[in-house]
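In case you want the letters, here they are:
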Amino acid sequence: MSQHRNQIGFPQIGKPAKDILDAMDAARVGDWDWFSLKNLTASYYGGSDVAEVAKDAFVKHIGDNVVHQTGLHPSVRKYETEVIEMVKELFHAPENAAATITTGGSESIILALKTARDRARELKGIAEPNIIVPQSAYAVFNKLSHFLGIEVIQMDKSPDYRADVAGMKAAINKNTIMLVGSCPPFPLGVVDPIEEIAAIAQEHDLWMHVDACIGGFMLPFATDLGYDVPNFDFSVPGVTSMSADFHKYGYSYRGCSILVLRDAELINWQGFEVANWNAGDYYSKNTAGSRNSGPIASAWAVFNYLGREGFLRVTGDVIKGREAFCNGINAIEELEILGTPQGPHFAFKADGLNILAIADGLMDRGWAINIGSKPDAILLMLSCHHHEIADDFLKDLREVVEAVKSGELKAKGEEEVYGIY
Ligand SMILES: *Cc1c(COP(=O)(O)O)cnc(C)c1O
């Protein structure tokens with residue numbers, strides 16, 4: 001019978017909670033601990049104390065709905081308001097900037113796209129809009145533009161492993177509404193030349209979105225620590241909006257990001273209103289409806305727990321790890337770090353050796369890594385504790401490279417597809 005496909009039907013009678021929790025423990029036997037030291041993919045660990053504070057804050061609000069912040073949960077409104085002010089300061093946003101807390105980078109980005117689209121339609125009469133994005137822009141720009149009926153003009157190369165600024169400029173046409181730069185982009189780890197892209201945007205009266213989903217809560221502290229980070233925020237004239245994820249290097253639990261708009265007036269094109277609905281007037285600036293208050297509570301708690309001092313320490317530790325990894329990798333003759341990474345992650349390629357075989361060798365030794373392409377590369381994303389295992393990783397890497405060189409180790413021939421594991 002069709003309802004018994006796979007022998008899983010809707011449970012007829014309930015089971016004791018303990019049995020269920022035991023079954024979950026059994027189901028998770030093959031899972032990684034997200035904070036595992038050998039996990040060099042996106043995991044965003046800020047230390048066990050930070051994770052604990054974030055969890056306690058999350059759990060406190062686990063039953064609260066952000067949508068009810070004006071009525072039932074004014075505490076949530078306080079968190080949002082305060083976090084927005086903190087982020088505006090961090091990003092050198094003008095007094096008149098406006099911001100929206102969202103469920104993640106994807107929501108922040110779709111709101112930026114929608115706002116830019118509706119504004120360009122109203123003020124410039126652009127009915128068939130396009131945006132111009134670097135080759136390395138996060139794949140959600142393509143996905144979300146598809147949802148919104150926006151064409152994406154994507155560059156096909158990344159000179160110096162950064163955005164192809166000249167190509168972007170040449171691609172502008174009468175229907176272009178937005179230019180995008182990332183700091184840093186996920187596949188490369190090198191901050192795009194935001195100042196140059198923003199200058200072009202200004203010259204052509206275009207919206208410039210900076211995708212700081214990864215670097216938003218790390219690069220400001222890297223700058224303060226004296227590292228060389230190109231300007232990427234509202235201190236750059238021409239930057240119209242920024243997206244940044246608390247659930248990455250802001251160390252909140254997942255489901256929390258922010259979209260900041262340079263000018264509060266822009267929010268007119270972001271919100272959506274349904275007047276005279278059965279349940280009254282409906283207005284929302286988000287795509288999400290009901291959502292848990294836990295994520296924003298955890299973001300607020302972590303900002304207050306770490307403060308600038310704590311973020312400087314944690315960021316310094318991430319960079320210490322990145323430098324140890326990168327120096328060790330560059331010391332291996334066949335390997336090369338792509339460009340000069342400024343954030344928490346970086347990619348490296350292999351000269352004359354199959355990088356996928358090297359990746360297989362590392363995975364066989366229990367390292368979780370990402371694979372990049374154009375060029376084929378291994379992508380590592382670090383958190384503050386990874387400097388502790390730099391030596392172990394590099395030892396394994398040297399041995400794996402030797403095994404690939406001697407022909408002892410060959411690629412299994414399967415590339416990983418981001419998002420499908
Ligand atoms: C993570 C990420 C996003 C958006 O991601 P969500 O998974 O929706 O939070 C956007 N841009 C970059 C560069 C990212 O790394």
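Novice: If you had to explain the overall build of the chain to someone new, which residues and values would you point to?
Specialist: Secondary structure summary: the chain contains eleven helices and 13 strands in total. Whereas a compact globule of 421 residues would reach a radius of gyration of roughly 22 Å, the chain reaches 23 Å, a difference of no more than 12%. Taken over the C-alpha atoms alone, the chain extends approximately 70 × 65 × 55 Å along its principal axes. Partitioning the contacts of the chain with sequence separation of at least 6, the portion at a separation of at least 24 is 73%. Roughly 20100 Å² of accessible area belongs to the chain as shown, and the carbon and sulfur atoms make up 51% of that amount. Here the chain contributes 37 positive and 56 negative side-chain charges, whose respective centroids are spaced 3 Å apart.

Novice: Quick one: what's the story with the sheet that holds strand β11 (residues 345–350), residue by residue and with numbers?
Specialist: Taken together, the four strands give an open sheet; going across it, the order is β10-β11-β13-β12, and neighbouring strands pair in antiparallel fashion. In this open sheet, the two edge strands, each paired with only one partner strand, are β10 (335–337) and β12 (370–372). Within the sheet, the average angular offset between the axes of one strand and its neighbour, ignoring direction, is 30°. The sheet contacts of helix α10 (residues 355–364) involve β10, β11, β12 and β13 (377–381), and relative to β13 the element is tilted by about 40°.

Novice: Would you mind going over the pairing of strand β8 (residues 272–277) in detail, with residue names and values included?
Specialist: When you tally the buried positions in β8, you get zero out of six residues, a small fraction of the element. Pairing between β8 and strand β9 (residues 280–284): four bridges, direction antiparallel. Pairing of glutamate 273 across the sheet is with tyrosine 283, part of β9. In this antiparallel pair of consecutive strands, β8 and β9, the connection spans two residues.

Novice: With reference to specific residues and values, describe the packing of helix α3 (residues 74–90) against helix α9 (residues 294–330).
Specialist: At their nearest, the axes of α3 and α9 sit 9 Å apart, and the two run at 50° to each other. Between α3 and α9, the angle is such that the two are oblique. The chirality of how α3 crosses α9 is left-handed. In contact with Val76, Lys78, Tyr79, Glu80, Glu82, Val83, Met86, Val87, Glu89 and Leu90 of α3, α9 contributes Ile296, Ala297, Trp300, Phe303, Asn304 and Arg308.

Novice: Quick rundown of a nonpolar patch on the surface? Include the residues and the values.
Specialist: On the surface, a nonpolar cluster with roughly 410 Å² of combined accessible area is contributed by Phe272, Val274, Trp277 and Tyr282. In this structure, phenylalanine 272 sits in strand β8.

Novice: A description of unusual backbone geometry should follow, citing residues and the corresponding values.
Specialist: Backbone phi values are negative for most residues with the exception of glycine, while trans is the configuration of most peptide bonds. Of the consecutive residues cysteine 183 and proline 184, the connecting peptide bond is found in the cis state with omega at -20°. The linkage connecting lysine 374 with the following residue, proline 375, adopts the cis geometry, with an omega of 0°. Of note, the phi angle at tyrosine 161 is positive, near 60°, even though the residue is not glycine. Position of tyrosine 161 among the secondary structure elements: in the loop between β3 (151–154) and α6 (165–171). Judged by relative accessible area, which is 18%, tyrosine 161 ranks as buried.

Novice: Can you lay out empty space enclosed by the protein for me, pointing to particular residues and giving the numbers?
Specialist: Following the criterion strictly, the structure yields two cavities of 30 Å³ or more and no others. In this structure, the largest cavity spans a volume of roughly 70 Å³. Residue composition of the lining of the largest cavity, grouped by class: seven nonpolar, two polar and two charged.

Novice: Explain the packing of α9 against helix α11 (residues 390–405) residue by residue, including any values.
Specialist: Across the interface, α9 lies against α11 with an axial gap of 10 Å and an inter-helix angle of 20°. Taken together, α9 and α11 sit at an angle that is classed as roughly parallel. The crossing of α9 and α11 is right-handed. Between α9 and α11, the residues in contact are Ala324, Phe325, Gly328 and Ile329 and Ala390, Phe393, Leu394 and Leu397, respectively. A class-by-class count of the residues in the contact of α9 with α11 yields seven nonpolar, one polar and no charged.

Calculation rules
Residues numbered from 1 in each chain as written. Predicted model: local features only at pLDDT ≥ 70, side-chain atom pairs only at ≥ 80, totals over all residues. Heavy atoms only, no water. Helix = DSSP H or I, 4+ residues; strand = E, 2+ residues; numbered from the N terminus. Rg over C-alpha atoms; globule rule 2.2 N^0.38 Å. Contact = heavy atoms within 4.5 Å. Areas by Shrake-Rupley, 256 points an atom, 1.4 Å probe, with all protein chains shown as cover. Lys, Arg positive; Asp, Glu negative; His and termini not counted. Charge placed at Lys NZ, Arg CZ, Asp CG, Glu CD. Pairing = 2+ DSSP bridges. Axes fitted to C-alpha atoms, helices over the stretch in contact; angles between N-to-C directions. Buried < 20%, exposed > 50% of the residue type's maximum accessible area, 1.4 Å probe, protein only. Parallel < 35°, antiparallel > 145°, perpendicular 65-115°, else oblique. Left-handed = near helix turned anticlockwise from the far one by under 90°. Patch = residues over 30% accessible without salt bridge, like charges linked within 9 Å, V, L, I, M, F, W, Y side chains within 5 Å. Salt bridge = Lys/Arg side-chain N within 4 Å of Asp/Glu carboxyl O. 1 Å grid on protein atoms, 1.4 Å probe; cavity = no way out; pocket = protein on both sides within 12 Å on 5 of 7 lines; lining within 4 Å. Points joined across faces, edges and corners; volume = space filled by probe spheres on them. Nonpolar A, V, L, I, M, F, W, Y, C, P; charged D, E, K, R; others polar.

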